[in-house]
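Single-letter residue listing:
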Amino acid sequence: DGGITQSPKYLFRKEGQNVTLSCEQNLNHDAMYWYRQDPGQGLRLIYYSQIVNDFQKGDIAEGYSVSREKKESFPLTVTSAQKNPTAFYLCASLERVGSTEAFFGQGTRLTVV
Amino acid sequence: GQNIDQPTEMTATEGAIVQINCTYQTSGFNGLFWYQQHAGEAPTFLSYNVLDGLEEKGRFSSFLSRSKGYSYLLLKELQMKDSASYLCAVRSFKAAGNKLTFGGGTRVLVKP
């Protein structure tokens, strides 16, 4: 079955460490997105990529980095520069920019200890 | 920029109807989406409106008025499993990447 997979589901990080969240899709979708969700709040866009080898900053990109070396993969690195990284992170994909339905992964809950 | 408002929380009884309102301000409107999200899980797509009017899909309906910047999601014959957060999101063709901007979500609690 086609889908979008995030791993791990839960992640703990010590302060000062970088950590990478995985997002893989086998839907052959061009566009991929990373969102952050804080408790009781909506989703905020961190980064997005419309095609391979290209990505753009979203609304809250500071302290994060991404890469898009393959169409299927869009990993997100939370760096030590991110001051408040504890959150629920969601990856999404669209067949192409402008498609009506975004498919979401199951999310990664990151906790800084 | 874009601004999206929806109530924080609503409570309803099993079998009843609940209407979740969403107001938005945006330029270059290019569609409004409703998603359902159970706690700790990913959002799932419910509906999409780009023209004025009502879209019905089973127990769920979504309405859009572009001139008023207003949408609602109507949930009929409520079931306990409908307890979740409902996210309103707006897309603008003026926003880079045609990105979706989400409201804060409305948490719906269905009581027996």
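For the structure, see preceding data.
From a predicted model like this one, the values you see are computed outputs, not experimental measurements.

(A) Structural detail: the overall build of chain A. Each helix and strand in chain A was counted, giving 0 helices and 11 strands. Starting at the N terminus and walking to the C terminus, you meet the elements of chain A as β-β-β-β-β-β-β-β-β-β-β. For 113 residues, the compact-globule estimate of 2.2 N^0.38 gives 13 Å, and chain A sits close to it at 13 Å. Principal-axis analysis of the C-alpha atoms gives chain A an extent of 35 × 25 × 25 Å. When burial is assessed residue by residue, chain A has 46% of its 113 residues classed as buried. As displayed, chain A offers around 5,600 Å² of accessible surface, 45% of which is attributable to carbon and sulfur atoms.

(B) Structural detail: the interface of chain B and chain A. At the junction of the two partners, chain B supplies 19 residues and chain A supplies 24 residues. In total, about 1,600 Å² of surface goes out of reach between chain B and chain A, with carbon and sulfur atoms giving 55% of it. On the surface where chain B and chain A come into contact, there are 0 salt bridges. If you look at where chain B meets chain A, you find 2 residue pairs in polar contact (both at pLDDT 80 or more). Elements that contribute at least two residues to the side of chain B that touches chain A include exactly strand E4 (29-37), strand E5 (44-49), strand E9 (84-92) and strand E10 (100-102) of chain B. Of all the elements, E4 of chain B adds the most residues to the side of chain B that touches chain A, at 3 residues. The class makeup of the residues in the side of chain B that touches chain A is 10 nonpolar, 6 polar and 3 charged.

(C) Highlighting the pattern of salt bridges. Residues and elements named next belong to chain A. Under the definition given, this model contains 7 salt bridges over all chains. The closest approach of N and O atoms between Asp 30 and Lys 71, which form a salt bridge, is 3.2 Å. Here the residue Asp 30 occupies a position in the loop between strand E3 (19-25) and strand E4 (31-37), and Lys 71 occupies one in the loop between strand E7 (64-66) and strand E8 (76-78), the gap between them amounting to 41 residues. Residue Lys 71 is classed as partly exposed on the basis of its relative accessible area of 23%. Among the salt bridges present, the one from Arg 36 reaches Asp 38, with a minimum N-O distance of 3.0 Å. Like Arg 36, the residue Asp 38 is buried in the burial classification. Because the salt bridges share partners, they merge into one network encompassing Arg 36, Asp 38 and Arg 44.

(D) Structural context of the sheet that holds strand E6 (residues 53-57) of chain B. Residues and elements named next belong to chain B. Here 5 strands make up an open sheet; going across it, the order is E1-E3-E8-E7-E6 and the pairing antiparallel. Lying at the two open borders of the sheet, with one neighbouring strand each, are strand E1 (3-5) and E6. Recorded for the sheet is a direction-independent mean angle of 15° between the axes of neighbouring strands.

Calculation rules
- Each chain has its residues counted from 1, following the order in which its sequence is written.
- Chains carry letters and ligands carry numbers; both start at the beginning, A for chains and 1 for ligands, and go up in the order they are written.
- Per-residue local features are limited, in this predicted model, to residues with pLDDT of at least 70; the limit for side-chain atom pairs, both in listing and counting, is 80 or more; totals at the level of whole chains, interfaces and linings are taken over all residues.
- The side-chain numbers reported here are obtained from all heavy atoms of the structure, hydrogens and water having been left aside.
- Helical segments are the DSSP runs of H or I of at least four residues, strand segments are the runs of E of at least two, and each set is numbered from the N terminus.
- C-alpha atoms define the radius of gyration, and 2.2 Å times the number of residues to the power 0.38 defines the globule rule.
- Each residue is assigned to one of three classes by its accessible area relative to the maximum for its type, calculated with a 1.4 Å probe on protein chains only: buried under 20%, partly exposed between the two thresholds, exposed over 50%.
- For the area figures, the Shrake-Rupley method with a 1.4 Å probe applies, and any residue is considered shielded solely by the protein chains shown.
- Contacts are assigned to residue pairs that have any heavy atoms within 4.5 Å of one another.
- Buried area, as used here, totals the accessible surface that two parts lose on assembly, with accessibility defined by a 1.4 Å probe and the loss added over both.
- Any carboxyl oxygen of Asp or Glu that lies within 4 Å of a side-chain nitrogen of Lys or Arg is treated as forming a salt bridge with it.
- We define a polar contact as two N or O atoms separated by no more than 3.5 Å, with the added condition that, inside protein, one atom must be a possible hydrogen donor and the other a possible acceptor, whereas residues neighbouring each other in sequence contribute only through side-chain atom pairs.
- Polar here means any residue other than Ala, Val, Leu, Ile, Met, Phe, Trp, Tyr, Cys and Pro, which are nonpolar, and Asp, Glu, Lys and Arg, which are charged; Gly is therefore polar.
- One requirement defines pairing of two strands: DSSP has to find at least two bridges between them.
- Between the N-to-C directions of two axes lies an angle of 0 to 180 degrees, each axis being a line fitted to C-alpha atoms and, for a helix, fitted only over the stretch in contact.

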